[in-house]
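# Descriptive structure summary
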Amino acid sequence: MHVNVRYTDTMISQLTGTISYTEPGLIILQVGGVGYAVNIAKDTGAGLHTSDTLTLWTHLAVRETSMELFGFTTKDELSLFEMLLAVPGIGPRSALAVLSLASADTLRKAISEENITYLTKVSGIGKKTAERIVITLKDKLGSKGELSGELKEDADVVEVLVSLGYSQTEARDTVKKIDPTKNGTNERTKEALKILGSRL
């Protein structure tokens, strides 16, 4: 089995090993006989099982009384996570929670477009936190393409699902699973209802 640990000035920047334990939001990755407890986003953990081989980009959060590892499957997710840490009031666990609620690329677009509605409705971020994120990061992120229409559609779909009695969490999770080729609020809402119906 190939194992790899990369050390930089952040101490541990990347781990490659075998999963020996998994639970929501946490895995233990065996690397060279050492088990590293790594906090992960919900999407990262989806579909992972013990004995799977995995490579994660990592951030080591050092506090006065503890050290915690946070892991990401892409460098882009890690980069956005570390940017979120610069936002007043957002610590490592809060930043990980944000990344658990929408893809890094979609969050970047929402922030660069100052789309507070998307951040609060779809990503589940409180209004004050969303405003702080936009103020702190919008100039750093720049624009990676215009998605204003899609962001508004997803916010509208969440609102429709909630009005039908689904929870915010169910609605947000479902929106993330909609086929990206589906366009328009009506079409995306129909697709969301199909996804929800398949769970029954």
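My aim in this report is to walk through the structure given alongside it, one point at a time. (Residues numbered from 1 in each chain as written. Predicted model: local features only at pLDDT ≥ 70, side-chain atom pairs only at ≥ 80, totals over all residues. Heavy atoms only, no water.)

## Observations concerning the pairing of strand 2 (residues 14-23)
Consecutive side chains along a regular strand alternate between the two faces of the sheet. The following threshold applies: Pairing between two strands is assigned when DSSP locates at least 2 bridges connecting them. Numbering of helices and strands runs from the N terminus; a helix is a DSSP stretch of H or I covering at least four residues, while a strand is a stretch of E covering at least two.
Across five bridges, strand 2 lies against strand 5 (residues 53-62) in antiparallel orientation. Across the sheet, residue Thr 18 finds its bridge partner in strand 5, namely Thr 53. Bridge analysis of strand 2 against strand 3 (residues 26-31) gives five bridges, and the strand direction is antiparallel. Following the sheet pairing, Thr 18 is matched in strand 3 by Gln 30. Turn length for the strand 2-strand 3 hairpin, with the two strands adjacent in sequence and antiparallel, is two residues, and the turn residue Gly 25 shows positive phi of about 85 degrees.

## Let's talk about helix 2 (residues 75-84)
Each α-helix winds once per 3.6 residues, and so residues spaced three or four apart point in a common direction. Spelled out, the test is: Working definition: with a 1.4 Å probe on protein chains only, accessible area under 20% of the residue-type maximum means buried, over 50% means exposed, and in between means partly exposed. Directions drawn from the helix axis to the C-beta atoms are what define this arc. Contacts between residues were defined by any pair of non-hydrogen atoms, one from each residue, lying within 4.5 Å.
Those residues of helix 2 not exposed but buried are Leu 78, Leu 80, Phe 81 and Leu 84. Viewed end-on, helix 2 has its buried residues packed into an arc of 165 degrees, placing them on one side of the element. Where helix 2 is buried, its residues meet strand 5, strand 6 (67-72), helix 3 (92-99), helix 4 (104-112) and helix 6 (127-141).

## Remarks on the nonpolar core
One recurring pattern in soluble globular proteins: nonpolar side chains tend to sit buried together. Selection rule: For this analysis, a nonpolar core means a set of buried residues of the types Ala, Val, Leu, Ile, Met, Phe, Trp, Tyr and Cys, connected via side-chain atoms within 4.5 Å.
The biggest cluster of nonpolar side chains holds 29 residues, and the ones touching the most others in it are Phe 81, Leu 84, Leu 99, Leu 119 and Ile 133. For this core, the leading source of residues is helix 6, giving five residues. What Leu 84 contacts, discounting residues up to four positions off in sequence, is Ile 90, Ala 95, Val 98, Leu 99, Ile 133 and Leu 137. Listed in part, the 14 residues of the second largest apolar core include Ile 12, Ile 27, Ile 40 and Leu 54.

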